[in-house]
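# Secondary and tertiary structure notes
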Amino acid sequence: MIPTHWYFVVSVAMLACGVAGLLLRRNFITVLMSVELILNAANLNFVAFARQLGDLTGQVFPVFVITIAAAEAAIGLGIIVQLARLKATVALDSVKEMRG
Amino acid sequence: MDFLVAHFAQLVFVFLAAVSLAGALGVVLLRQPVHAALSLLASFLGVAGLFVLAHGEFLAAVQVLVYAGGVMVLFLFVIMFVNVRAAHKEQQYLRPLVPGAVVGSLLFAALALGAVWALGGRAGAQPGALTAVEGEQLGNTEAVAWLLYRDYLLPFEVVSVLLLVAMVGAIVLGAKKREGERA
């Protein structure tokens, strides 16, 4: 039997990778990938606790999370396509017009 | 050999966890966006395997179909669309590197310690407990469907509207402006 905290440690490591990617990467596309990693870590937690508690609700909510991740990817990539048209780059620090 | 047989589930778990985490690290560390995307794909497939180990067969299928199928194709399509050959020669990381790396490692250390402290040694419930609906033993997909369409019908409908809004938004964002049309 696999202990629940193994799942949790894997999920936390994935979350940390996602946050590090979010903070470190300069390419807009890889930053979006890091967000997907974070959402995946959350899903892993949901499923691990569904197993731990014997409650299937934890397997229903990842369906919503996956839907929202797909919507977020579609919108984010749409913005990236427009940014690439406008500036011919996808570097995050090239977008400075709205900085206060 | 006896060790292999007795600890088969654990060994599979360690393998899948290694694949997912190597993929996750690749997203952060690989310079080329295409390589990062393929590494993310490996991570998604590893997580799908972990779902199967945790008796989430339906979610594993959804993970492979939606993430590895849909979202990955979208990412790769946009990477191809935006000229990567020019983009990857640029600086790939925001300077300075140290704060981001420190925040990531501290987050991992704190949460992992907390998890082991709070949950250490607890094993999961029996798989049968997960899929019993009103005293009847169902398959995983059927049990998830019961919950989703009976108890969580409203969130399901709301999320479908959200998906529609996102689709319309993506089309509006992606469409080229025609001549003489104002933004």
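Note that the structure is predicted; figures quoted are calculated from it, not measured.

### A few points about the interface of chain B and chain A
Listed by partner, the interface residues are 84 residues for chain B and 71 residues for chain A. Between chain B and chain A lies a buried interface of about 7,100 Å² when both sides are counted; carbon and sulfur atoms form 78% of it. Counting every contact that joins chain B to chain A gives zero salt bridges. At the junction of chain B and chain A, the tally comes to 10 residue pairs in polar contact (both at pLDDT 80 or more). Those elements giving two or more residues to the side of chain B that touches chain A turn out to be α2 (8–29), α3 (33–53), α4 (57–81), α6 (98–119), α7 (127–130), α8 (140–151) and α9 (153–174) of chain B. Its residues assigned to classes, the side of chain B that touches chain A shows 63 nonpolar, 16 polar and five charged.

### Things to note about the nonpolar core
In this structure, Y7(A), M33(A), I80(A), F13(B) and F75(B) are the most contacted members of the largest nonpolar core, which totals 53 residues. Elements that contribute at least two residues to this core include exactly α1 (4–24), α2 (28–53) and α3 (57–87) of chain A together with α2, α3 and α4 of chain B. Residue contacts for M33(A): discarding those within four places in its chain leaves V27(B), P33(B), A36(B), A37(B), L40(B), F75(B) and I79(B). In terms of nonpolar packing, the next biggest core, distinct from the first, is built from 10 residues, L56(A), V60(A), F64(A) and L148(B) among them.

### A few points about a nonpolar patch on the surface
Residues and elements named next belong to chain B. Together, M1, F3, L4, V5 and L11 line one region of the surface with nonpolar side chains, adding up to about 560 Å² of accessible area. When residues in the nonpolar patch are grouped by element, the largest group, three residues, is from helix α1 (residues 2–6). Considering the arrangement of structural elements, one finds L4 in helix α1. Taking the relative accessible area as the measure of exposure, L4 reaches 42% and is therefore partly exposed.

### As for the packing of aromatic side chains
Scanning the model with the defined rule gives eight aromatic pairs over all chains in all. For the ring pair F46(A) and F61(A), a centre distance of 6.1 Å and an interplane angle of 20 degrees mean the geometry is stacked. With F46(A) in helix α2 and F61(A) in helix α3, this pair connects stretches of sequence that are 15 residues apart. A network of ring pairs unites the aromatic residues F46(A), F61(A), F64(A) and Y152(B) as a single cluster.

Calculation criteria
Residues numbered from 1 in each chain as written. Chains lettered and ligands numbered in written order. Predicted model: local features only at pLDDT ≥ 70, side-chain atom pairs only at ≥ 80, totals over all residues. Heavy atoms only, no water. Contact = heavy atoms within 4.5 Å. Buried area = accessible area lost by both parts, 1.4 Å probe. Salt bridge = Lys/Arg side-chain N within 4 Å of Asp/Glu carboxyl O. Polar contact = N/O pair within 3.5 Å; in protein donor to acceptor, adjacent residues only side chain to side chain. Helix = DSSP H or I, 4+ residues; strand = E, 2+ residues; numbered from the N terminus. Nonpolar A, V, L, I, M, F, W, Y, C, P; charged D, E, K, R; others polar. Core = buried A, V, L, I, M, F, W, Y, C linked by side-chain atoms within 4.5 Å. Buried < 20%, exposed > 50% of the residue type's maximum accessible area, 1.4 Å probe, protein only. Patch = residues over 30% accessible without salt bridge, like charges linked within 9 Å, V, L, I, M, F, W, Y side chains within 5 Å. Areas by Shrake-Rupley, 256 points an atom, 1.4 Å probe, with all protein chains shown as cover. Phe/Tyr/Trp six-rings, centres within 6.5 Å; stacked < 30°, edge-to-face > 60°.

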